[in-house]
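# Structural characterization, general
What follows is the residue order along each chain.
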Amino acid sequence: MEKTKQQQGFTLLELLVTIVIAAIIAAIAIPALQTTIINNRVEATANDLRNMFIRKRNQAISNGQPRLITNAMATTDIADKYNDIVIKRNDGASSTIIIAADGAVDSTDLVHIGFSVCYTGNNSKIRNKAVVLFPSGLASIKDATQLLANDNDESVAQQKIDC
């Protein structure tokens, strides 16, 4: 009697088909992964900016002394982590923001101060963010395309935060 030899392993054709399928899946997944990574970086930068505002507010309250936030602190220092993300103050002002000892923003004409956190590349799927500093000294993160109303007076004209 002749013994039949059992097949072991894969044929070259089976391996090639598997590699082609894996390459097609990778070609589809990599751009989506890149978009997710950039969105996460924009979100992290917006969180860093909001946290800096909150930290300065907490320091002012706990020490009983005003704290200053310069535009450089709010725009350059935080955004320097990533080359393709910028932070810009929406009202174009270059004045220093003063957080009073009670935690409120020290300004008589303040509605809110908006900062846009923007990706400078050409990916249209990126969700840019806006960090809004309210007169109370609290800060929040919104999508950059949302219309933002004053937290005290809804009749105040809305401001569009956009990159």
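Scroll up to find the structure this text is about.
Residues numbered from 1 in each chain as written. Predicted model: local features only at pLDDT ≥ 70, side-chain atom pairs only at ≥ 80, totals over all residues. Heavy atoms only, no water.

## Focus on the nonpolar core
Just so we agree on the cut-off: Among the buried residues, those of types Ala, Val, Leu, Ile, Met, Phe, Trp, Tyr and Cys that are joined through side-chain atoms within 4.5 Å form a nonpolar core. Partly exposed residues are those whose accessible area sits between 20% and 50% of the maximum for their type, while under 20% is buried and over 50% is exposed, using a 1.4 Å probe and protein chains only. The secondary structure listing takes helices from DSSP runs of H or I that are at least 4 residues long and strands from runs of E that are at least 2 residues long, numbered from the N terminus. Here, residues are in contact when the closest pair of their heavy atoms is within 4.5 Å.
Judged by nonpolar contacts, the single largest core of 24 residues is most densely connected at Leu49, Phe53, Ile97 and Phe115. When residues of this core are traced back to their parent elements, those giving at least two are α1 (12-63), α2 (71-79), β2 (85-89), β3 (97-99), β4 (113-119) and β5 (129-133). Looking at which element gives the most residues to this core, the answer is α1, with seven residues. Apart from residues no more than four positions distant in its own chain, Leu49 is found in contact with Ala74, Ile78, Ile87, Phe115 and Val131.

## So, the sheet that holds β2
This is how the line gets drawn: Strand pairing is assigned whenever DSSP identifies at least 2 bridges connecting the two strands. Only the stretch in contact is used when fitting a helix axis, every axis being a line fitted to C-alpha atoms; angles between N-to-C directions are given from 0 to 180 degrees.
Across the sheet, which stays open at both edges, the four strands sit in the order β2-β4-β5-β6 with antiparallel pairing between neighbours. This sheet does not close on itself; its edge strands, each paired only once, are β2 and β6 (139-143). The average undirected angle you get between the axes of adjacent strands in this sheet is 20 degrees. With five bridges joining them, β5 and β6 adopt antiparallel strand pairing. Counted as the bridge partner of Val132 is Ser140 from β6. Contacts from α1 reach β2, β4, β5 and β6 within the one sheet, and its direction differs from that of β5 by about 5 degrees. Sitting on the sheet, α2 is in contact with β2 and β4, with an inclination near 170 degrees to β2.

## Describing a nonpolar patch on the surface
Condition: Patch membership needs two things, relative accessible area over 30% and no salt bridge, and members are linked within 9 Å if like-charged or within 5 Å if nonpolar (Val, Leu, Ile, Met, Phe, Trp, Tyr). Accessible surface area values rest on a Shrake-Rupley calculation with a 1.4 Å probe, where residue burial reflects the displayed protein chains alone. What makes a salt bridge here is a side-chain nitrogen of Lys or Arg within 4 Å of a carboxyl oxygen of Asp or Glu, nothing more.
A cluster of nonpolar side chains, contributed by Leu13, Val17, Ile21 and Ile25, occupies part of the molecular surface with about 390 Å² of accessible area. Along the polypeptide, Val17 turns up in helix α1. A relative accessible area of 42% places Val17 in the partly exposed class.

## Topic: α1
Applied cut-off: To estimate the expected span of a helix, count its residues, drop one, and scale the result by 1.5 Å. At any given residue, the bend is defined as the angle formed between two axes, one fitted to the seven residues that end at that position and one fitted to the seven that begin there.
Counted at 1.5 Å a residue, the expected span for α1 with its 52 residues is 76 Å, and the 72 Å between its end C-alpha atoms agrees. Along α1, the sharpest change in direction is near 30 degrees and occurs at Ala29; proline Pro31 comes one to four residues later. Every buried residue belonging to α1 is among Thr35, Ile38, Asn39, Val42, Thr45, Ala46, Leu49, Met52, Phe53, Lys56, Arg57 and Ala60, and all of these are buried. Looking one or two places after α1, you find Gly64, whose phi comes out positive at around 70 degrees.

## Description of α2
For clarity, the cut-off: It is the directions from the helix axis to the C-beta atoms whose arc is reported.
What α2 keeps buried is the set Asn71, Ala74, Thr75, Ile78 and Ala79. Taken end-on, α2 shows its buried residues confined to a sector of 135 degrees, consistent with a single buried face. Packed against the buried residues of α2 are α1, β1 (67-69), β2 and β4.

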